[in-house]
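Chain by chain, the residues run as shown.
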Amino acid sequence: MEMLGLYPTWLEPMLGSGWVVAVISTIHVLASHTSVGAAMVFAYLAVVAYRQDKPELLDYIKKYGMFLLVFSYVIGSITGPGIWFSTTVASPRGISALIHSFVWKWATEWVFFVIEVVGVYLVVYLVGKVDQKTHMRIAVIFGLASYTTMLIIIGILSFMMWPGKEVWFTEGGYLNGFYGANTFAQLAMRTAFMFTMTAVVGGIVASGIKELAFKKAMLRRLAVLGIVSTLAGSLLFQWYLHTLPEQAHIVLENRLPDYFQPALMMVLSGILAYFLFTLVMPRLIVPAIASVMTVAILVFGLWPEEVARESIRKPFVAGQYVYSNQVIARDVPGLGIKSEIPLLEEKGFLKSHVFLPENLRTVTPDNARAVGHALAMTACSNCHSLTDTGMRPLAKYFGGNTDVGEIKDYLLGALATGNTLYMPKIPLTDEEAEALAVYIGALKDDTVAENYAATRKPLAQAGEK
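Residues numbered from 1 in each chain as written. Predicted model: local features only at pLDDT ≥ 70, side-chain atom pairs only at ≥ 80, totals over all residues. Heavy atoms only, no water.

On to helix H1 (residues 17-51). Between its first and last C-alpha, H1 extends 51 Å over 35 residues, near the 51 Å set by a 1.5 Å rise per residue. Directly beyond the C-terminal end of H1, a positive phi value near 55° is found at Asp-53. (Helix = DSSP H or I, 4+ residues; strand = E, 2+ residues; numbered from the N terminus. Expected span 1.5 Å × (residues − 1).)

This is the structure:
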């Protein structure tokens, strides 16, 4: 019998797997973007230090580099594998789609990452121990290698939103999937905000400098970098928006909360205000203030940005063919991939999911809630928490309704037909929709499942006779 290619589901009660991935990813973005930006800044400062004979800049590179080794490279080295582990179990087919398309791109990125890691050690520990020209070359190579890792990752992130060229669906080819209208717009926008993060985090180190004149000079230099990069990033963000596909704009307009845009403007205004204050009153900046600003960017800037970026590519998780619930939603002849929607329409999840207990393959009055739970884990839990807490709690979207018939009608009328914005097409069979409705109703009222069983048992027994 033909079966779906689904894997067992990873369920995090109280949170949902999406939040676990989001927390790890947000921290990693801060660490990785800061390290890339700092690498470019180090290269610039090293050139200025040697050409203008300013050895104090080398001292700052050394201190910021030591800080980065802990802040970015240790945290980044922990959260990087954390992303791989969490996304692989949360979205195994999404990760599979990326690996099958870009395995050599990723290998290339890791080569440059090794150069970057070796480079930061060499830049920090070889200050004053090798000749100026050699050290300057090492700093430049370190900066270029670091930026190359970002370029490669941005191409893969852009593919997750939308494959570069339409021909990729029919012919495949990693270059067709890698380079698209969104790739360079996203690279430019992230480059600008990368320097913003570098300026904020660099302030933690610069504000701790003992010599007041040098402290003021470094903080002002970072403030100028932050102001320019924040303004440039805001303009480049508009370019990025214009490269998004129509579906992403529809989601942006209809699914993101009303406060998202005003909140984003407030965050950017707050960042600019901080840099302006730093520019005017650098002596008042202390490590505690710069640290608070770093956490503020993490919580109020990166977190909503990453959540929005994940949201606007829904209902897909990768390449516009892997649904967020891991079902393959369209044919991709270029990769020899077939849509699984026809199989689901014919047999449903219960008859075609390999990792489903045998006692749940047929719905009865007694097991309807358990079957519904299994279906919710399979079809819903990647995006919806199955408890009252966590990411997008499932019960919340039914407004407390516990009427099995009404919930079933919605599931068959909206989700099964694929006519709901932002949601994947979930072609449930009649009995699957009823079981899932019992489970959803029981999320708000435990008696729903008991009442359903008490009502349906006599009917089922009469049917058997």
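Next, the rest of the story.
Next up on the list: the nonpolar core. Counting residues in hydrophobic clusters, the biggest one holds 75 residues, and the most contacted among them are Phe-42, Tyr-60, Tyr-64 and Met-218. With sequence-adjacent residues up to four places away left out, Met-218 is seen in contact with Leu-45, Leu-57, Tyr-60, Ala-206 and Ile-209. Counting residues in each nonpolar core, the second largest holds 42 residues, with Ala-368, Val-371, Ala-376 and Tyr-439 among its members. (Core = buried A, V, L, I, M, F, W, Y, C linked by side-chain atoms within 4.5 Å. Buried < 20%, exposed > 50% of the residue type's maximum accessible area, 1.4 Å probe, protein only. Contact = heavy atoms within 4.5 Å.)

Let us now look at the layout of surface pockets. In this structure, the second largest pocket encloses a volume near 950 Å³. Looking at the second largest pocket, it is lined by 34 residues, and the ones nearest its centre are Phe-237, Phe-260, Leu-264, Leu-268 and Glu-305. Broken down by element, the residue count for the lining of the second largest pocket peaks at nine residues, all from helix H10 (residues 260-280). (1 Å grid on protein atoms, 1.4 Å probe; cavity = no way out; pocket = protein on both sides within 12 Å on 5 of 7 lines; lining within 4 Å. Points joined across faces, edges and corners; volume = space filled by probe spheres on them.)

Okay, the packing of aromatic side chains next. Scanning the entire structure with this criterion turns up 17 aromatic pairs. Residues Trp-168 and Phe-169 carry aromatic rings whose centres are separated by 5.3 Å and whose planes lie at 75° to one another, so their mutual orientation is edge-to-face. With relative accessibility at 1%, the residue Trp-168 sits in the buried group. Residue classification places Phe-169 among the buried positions, given a relative accessible area of 3%. (Phe/Tyr/Trp six-rings, centres within 6.5 Å; stacked < 30°, edge-to-face > 60°.)

Below, the discussion takes up the packing of helix H7 (residues 181-206) against H10. At their nearest, the axes of H7 and H10 sit 12 Å apart, and the two run at 45° to each other. Considering the angle they form, H7 stands oblique to H10. For the crossing formed where H7 meets H10, the hand is left-handed. Note on element contacts: H10 touches H7 through Leu-268, Ile-271, Tyr-274 and Phe-275, opposite Phe-193, Thr-196, Ala-199 and Val-200. Grouping the amino acids of the contact of H7 with H10 by side-chain chemistry returns seven nonpolar, one polar and no charged. (Axes fitted to C-alpha atoms, helices over the stretch in contact; angles between N-to-C directions. Parallel < 35°, antiparallel > 145°, perpendicular 65-115°, else oblique. Left-handed = near helix turned anticlockwise from the far one by under 90°. Nonpolar A, V, L, I, M, F, W, Y, C, P; charged D, E, K, R; others polar.)

Moving on: the environment of Asp-430. Assignment of secondary structure puts Asp-430 in helix H15 (residues 430-444). Separated by 234 residues in sequence, Asp-430 and Thr-196 place their C-alpha atoms 53 Å apart. Setting aside chain neighbours within four positions, we find Asp-430 in contact with Lys-408 and Leu-412. Looking at Asp-430, its side chain comes within polar contact range of the side chain of Lys-408, at 2.9 Å. (Polar contact = N/O pair within 3.5 Å; in protein donor to acceptor, adjacent residues only side chain to side chain.)

The subject of this paragraph is helix H2 (residues 55-90). For H2, built from 36 residues, the straight-helix expectation of 52 Å at 1.5 Å per residue is met to within 8% by its first-to-last C-alpha distance of 49 Å. Taking the largest bend as the criterion, H2 deviates by roughly 40°, centred on Leu-68. (Bend = angle between axes of the 7 residues up to and from the residue.)

Moving on, we come to unusual backbone geometry. A cis amide bond links Lys-314 with the next residue in sequence, Pro-315, at an omega value of 10°. Backbone geometry places Asp-53, a non-glycine residue, at a positive phi of 55°. If you trace the backbone, Asp-53 turns up in the loop between H1 and H2. Positioned with a positive phi, Tyr-422 is a non-glycine residue whose angle comes to about 85°. Here Tyr-422 is to be found in the loop between helix H14 (404-415) and H15.

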